[in-house]
Amino acid sequence: MDGNYYMIHDYLIFFGVFAIFFFLTVSIYLFNQNQRLKNKNLRLFQTNKLIEQKLNEVQLEHIGTKLNPHLFKNILNSVQSHAYQTYMSLDKLANVLDYILYESNNKFVSPKEELSFALSLIEINKIKVNPLFDFRIKSKIDKSDAVFEEKIFAPLLSVDLIENAFKHTDFLASDSFISILLELEDGIFSMKVSNKASLKNVLHKDHSGFGSQSLDQRLKMIYPNFYSLQKSSKNGIFTAELTINLGEFYDKMRYS
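As recorded by an unreviewed UniProt entry, the chain carries the name Histidine kinase and is attributed to Chryseobacterium muglaense.

Below, the structure written as structure tokens:
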């Protein structure tokens, strides 16, 4: 009886050790397979990100080829419409053209450069408007901000909102106005543009321009999780507000 007991006991120990060994072997095999799958998925993810990045760069270059000639045409039309250019206006024009020719080809410029360009572009557009027109141009720029001179701002992003304000404003209405506010504080860039909309311009041009589409595309591709673009129309007043968290975007660029 004792012999059978010890034999059964030995068998149980044997099967127990075998089961543990089998379990460990299968676990190691499954773990290795899982690691291979993870590595393979990681390589596929990195490849897809690279392809997506290249595609975005191609799309951005395509947008740029359309945007720059379009902007040139609007600026030259504005200048050509008035022969009484002042020295200041010509100086602003030179700054804008230099920026378009030499800086806009870069992937990023500093907020300092883009803000200077935006203010010069506003001054050029004001040339063709009655000097008594109600302009409300304000800038609240913290020049000590950490991102003020960092290359993190996509060039020419401010063009669309500025040009649309001048393009779609009813300059003949007694209560017409254009309001533009530019801000940079705590790494947050914001641009708010409001204007008394011309019903005729809105009906004929609201969905025909290239600029609005290119702005949305560029923001989604460059600042996918770091921006907000809100547009509204109420009582004949159109408002667009763009906000970009440049501080967080800068941190992502540094640590990615």
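Next comes the rest of the description.
A.B. asks: So what exactly am I meant to see when it comes to the packing of aromatic side chains here?
C.D. replies: Per the counting criterion, the structure on display carries eight aromatic pairs. Ring geometry for Tyr99 against Phe117: centres 4.6 Å apart, planes inclined by 15°, an arrangement best described as stacked. Of this pair, Tyr99 sits in helix H2 (residues 87-103) while Phe117 sits in helix H3 (residues 111-126); the two residues are 18 residues apart in sequence, bridging distant segments of the chain. For the residue pair Tyr99 and Phe117, the accessibility class agrees, reading buried in each case. Taking 5.8 Å as the distance between ring centres and 55° as the angle between the ring planes, the aromatic pair formed by Phe108 and Phe249 counts as tilted. A residue pair is termed long-range when its members are at least 10 positions apart, and Phe108 in the loop between H2 and H3 and Phe249 in helix H7 (residues 246-255) qualify at 141 residues. Taking relative accessible area as the criterion, Phe108 reaches 15% and is therefore assigned buried.

A.B. asks: What exactly am I supposed to notice about unusual backbone geometry here?
C.D. replies: Of note, the phi angle at Asp186 is positive, near 55°, even though the residue is not glycine. When you line up the elements, Asp186 lands in the loop between strand S2 (178-185) and strand S3 (188-196). Of note, Asn235 is a non-glycine position whose phi angle comes to about 55°, a positive value.

What counts as what
Residues numbered from 1 in each chain as written. Predicted model: local features only at pLDDT ≥ 70, side-chain atom pairs only at ≥ 80, totals over all residues. Heavy atoms only, no water. Phe/Tyr/Trp six-rings, centres within 6.5 Å; stacked < 30°, edge-to-face > 60°. Helix = DSSP H or I, 4+ residues; strand = E, 2+ residues; numbered from the N terminus. Buried < 20%, exposed > 50% of the residue type's maximum accessible area, 1.4 Å probe, protein only.

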